[in-house]
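So you can see what is in the structure, the chains are spelled out below.
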Amino acid sequence: MTRNTVVAVVAAFAAAFAAAFAVTNERREDEHDSEAKPGAVQDSIFALEKEWGRALERRDTAAFRRLTAPGFIYTEDNVVMTQDELVQAIATSPDTVVSANNEEMHLHDHSPSAVVTGIFVVKARSNGKPITNRYRFTDVWAYRDGKWRAIAAQDYLIPK
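These numbers come from a predicted model, not from an experiment.

So, how was this worked out
- Starting from 1, residues in each chain are numbered consecutively following that chain's sequence as written.
- With pLDDT at 70 or above as the cut-off, local features in this predicted model cover only qualifying residues; side-chain atom pairs require 80 or more to be listed or tallied, and sums for whole chains, interfaces and linings still use all residues.
- Think of the side-chain values as coming from all heavy atoms in the structure, minus any hydrogens and water.
- In plain words, nonpolar cores are sets of buried Ala, Val, Leu, Ile, Met, Phe, Trp, Tyr and Cys residues tied together by side-chain atoms within 4.5 Å.
- Buried means the residue's accessible area, taken with a 1.4 Å probe over protein chains only, is under 20% of the maximum for its type, while exposed means over 50%, and partly exposed covers the values in between.
- Here a helix means four or more residues in a row that DSSP labels H or I, a strand means two or more in a row labelled E, and each is numbered from the N terminus.
- Only one rule defines a salt bridge in this text: a Lys or Arg side-chain nitrogen within 4 Å of an Asp or Glu carboxyl oxygen.

Visitor: Go over the nonpolar core with me, naming the residues and quoting the values.
Guide: If you look at the biggest cluster of nonpolar residues, it comprises 31 residues, and the most contacted ones within it are Ile 45, Phe 120, Trp 141 and Trp 148. Listing elements by their share of this core, those giving two or more residues are helix H2 (40-58), helix H3 (61-67), strand E1 (68-76), helix H4 (83-92), strand E3 (96-110), strand E4 (113-126), strand E5 (129-144) and strand E6 (147-157). Counting residues per element, this core draws most heavily on H2, which supplies 7 residues.

Shown next, in the form of structure tokens:
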């Protein structure tokens, strides 16, 4: 898989993340205050992380725009992209994502922001050949105007 392909795949991950946000961000503002039930923030954000993967599989650029905040920044190894650049990379990737799933996710709740760490596993077809890439990731979420949105994401391709 070429560097551009890897970047596009990761970008697609960002898009899936955005779609998940759209599904769960209808929660009331008071659900994220100190009286919120335990696990509510984690449940909301983990659902968004899962949707990020689904959006990557579907090349759903609209979902990535919903999941990410204006000013969103993405870093993958030595490449840095804006929200628009990430969406473009997802839309134009020559690879086909078969599945995109998270493993070992951990939430670090600093409401009204949160950090999620984990491993993102992407199975795809590149030039007709199956590939599997594993990325160590860190996603930063902010709760604004009643919605969780990604404000930054960083992925590192785990060497095979």
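Additional details are given in the paragraphs that follow.
Visitor: Mind laying out unusual backbone geometry, listing which residues take part and the relevant values?
Guide: Of the consecutive residues Ser 111 and Pro 112, the connecting peptide bond is found in the cis state with omega at 20°. Relative to the helices and strands, Pro 112 is located in the loop between E3 and E4. The backbone of Asp 77 shows a phi angle near 50°, a positive value even though the residue is not glycine. Residue position: Asp 77 is located in the loop between E1 and strand E2 (79-82). A positive phi angle is found at Asp 145, which is not glycine, with a value near 50°. Positionally, Asp 145 belongs in the loop between E5 and E6.

Visitor: Explain the pattern of salt bridges to me, using residue names and the numbers behind them.
Guide: All chains considered together, the criterion is met by 5 salt bridges. In this structure, Asp 60 engages Arg 58 in a salt bridge whose closest nitrogen and oxygen atoms are separated by 3.2 Å. For Arg 58, a relative accessible area of 46% translates into the label partly exposed. One network of salt bridges, with partners in common, ties together Glu 51, Arg 58 and Asp 60.

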